[in-house]
2 protein chains.
Amino acid sequence: MLSRSTISWLRALQQKKNRDAEKVFMVEGEKGVLDGLSAGLPCIGLYATGKFIKENELSIPPNLEVIEASPSDLERAGTFETNKAAIAIFQQYKQPENATPVAGANLYLDQVKDPGNLGTIVRLADWYGLLQVFLSPGCVDFYNPKTIAATMGSFAHVLPVKVTENWLAENMQSNTIGADMQGLNLHQFTFPKIFILVMGNESHGLSEEAQKQVKHTIAIPRFGHAESLNVAMATGIILDNWKRQQTT
Amino acid sequence: MLSRSTISWLRALQQKKNRDAEKVFMVEGEKGVLDGLSAGLPCIGLYATGKFIKENELSIPPNLEVIEASPSDLERAGTFETNKAAIAIFQQYKQPENATPVAGANLYLDQVKDPGNLGTIVRLADWYGLLQVFLSPGCVDFYNPKTIAATMGSFAHVLPVKVTENWLAENMQSNTIGADMQGLNLHQFTFPKIFILVMGNESHGLSEEAQKQVKHTIAIPRFGHAESLNVAMATGIILDNWKRQQTT
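Residues numbered from 1 in each chain as written. Chains lettered and ligands numbered in written order. Predicted model: local features only at pLDDT ≥ 70, side-chain atom pairs only at ≥ 80, totals over all residues. Heavy atoms only, no water.

Novice: Explain the sheet that holds strand S2 (residues 43-48) of chain A here, please?
Specialist: The strands making up a sheet are joined through hydrogen bonds of the backbone, oriented either antiparallel or parallel. All names here are of chain A. Taken together, four strands build an open sheet; the order of strands is S1-S4-S2-S3 and the sheet is mixed. Since the sheet does not close on itself, it has two edges, and those belong to strand S1 (24-28) and strand S3 (66-68), each with one partner. Pairs of neighbouring strands in the sheet enclose a mean axial angle of 15°, with direction left out of account. As defined by bridge partners, S1 adjoins strand S4 (residues 86-91) across five bridges and the pair is classed as antiparallel. Bridged to Phe25 within S4 is Phe90. Helix-sheet contacts for helix H3 (residues 30-38) involve S1, S2 and S4, and the interaxial angle to S4 is about 35°. (Pairing = 2+ DSSP bridges. Helix = DSSP H or I, 4+ residues; strand = E, 2+ residues; numbered from the N terminus. Axes fitted to C-alpha atoms, helices over the stretch in contact; angles between N-to-C directions. Contact = heavy atoms within 4.5 Å.)

Okay, here's the thing in structure tokens:
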């Protein structure tokens, strides 16, 4: 059983300021916790049901103290409505000293505000083999419990790189590609060997600052009446087109 | 101001059995209501704020009686947390007598259970120009308020066609394509001129019945570690590949 002070500490980590003060974040549920552990993320606390501990003995690092918790403890301490498995507290990623674009696609999110969208985009980045996502100031927190849940475990494979507003201007000016409804037809677009793909805010699209830096804009061709696609959906379709072009 | 009996009638329509008994459904919010009206869906009730009525006079059919309602009325009667615009009650679509595949892509959803996923898929169908979606027994209700909201207005452009479990067996046996992680590489697949694309349940994938009918399976190639993609995301990426092949 978890002590009141442990539960209250875990609950406090639902707030960004507390997570950031301790440089940690919370992962809830069987899949997420196991994904974090098996990726080798540094774990500083594991609270789990007896069943989870028994079934996953080999996945739990030997030097990690595990505290047994009931489902109702886990549900009180975390954000999941039901959690019959575990909560783990991991250290936040260290920010790289140089946030440098790599070969291929570099994904820059420009004030993406919805944690579900950010999490879905991280999952997509992982699917298409991107090792990092660049986050503008004003993006929702990568470590928000809803973001972490929406990544479906991909938080453990994709590095969130927080960059300043100048980052776009300082990098890759000639190969910066923004997604925009008025852009070139994605199906006819040839991706450069190295580029930054800029995806904008859910309601407002690309910010003024991003628009200034973007050298090409691309659009997913539309054949019917829907007014738009969600930013995560658009990211998935664009990354798929890029990979298709690169590999076939 | 809405009467108590009106509010209680509207609230009752949040339940499938009540919607189906009256063959109607509820649309909430400015965009959805205007999309339904401008598509010409038969509207049998409109409850709207004075501001909405004033600003959208030309969009409201002249013979439709509009009942003025406060935002708090709309929020009490509907499911939206905030609604400063309107609620409309539309007639449900008539089921076509023959649920027949058309040229191009026909989308069949096999026990898709989440209203957000169904709504997102309807929005995608609309984006890629599909005029109908075929729904297996066991799919979540098209008229669920969460489904309608997730369509972002596309409920007004896409006909939901409810079919029986035998429908796949009775149609297009040779060109039935299922999405499955073990399938052929989507990027190398040539779509037939007419086909049924079968998308399975969120947790269980294709049902046994659907697996029996499917003649090809296709998979979105993966380049990283994510275990899966959400069914709506997969639908979007597959439809984009189909349209790309068809038009470029």
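Novice: I would appreciate a short explanation of the pattern of salt bridges in the present structure.
Specialist: All names here are of chain A. Enumeration over the complete set of coordinates arrives at 14 salt bridges over all chains. The residue Arg19 makes a salt bridge to Asp141 at a minimum N-O spacing of 2.7 Å. Taken together, the positions of Arg19 in helix H2 (residues 16-22) and Asp141 in the loop between strand S6 (132-135) and helix H7 (145-150) put the pair 122 residues apart, joining distant regions of the chain. We note that Arg19, like Asp141, is buried. (Salt bridge = Lys/Arg side-chain N within 4 Å of Asp/Glu carboxyl O. Buried < 20%, exposed > 50% of the residue type's maximum accessible area, 1.4 Å probe, protein only.)

Novice: Would you mind going over the sheet that holds strand S9 (residues 194-199) of chain B with me for this structure?
Specialist: Residue and element names in this part refer to chain B. An order of S7-S6-S5-S9-S8-S10 is seen for the six strands of this open sheet, with the pairing classed as parallel. Of all strands in the sheet, those with a lone pairing partner are strand S7 (159-162) and strand S10 (216-219), marking the two edges. Adjacent strand axes in the sheet meet at a mean angle of 40°, parallel and antiparallel pairs treated alike. Where strand S5 (residues 104-109) lies against strand S6 (residues 132-135), three bridges are found, and the strand directions are parallel. Paired with Tyr108 across the bridge in S6 is Phe134.

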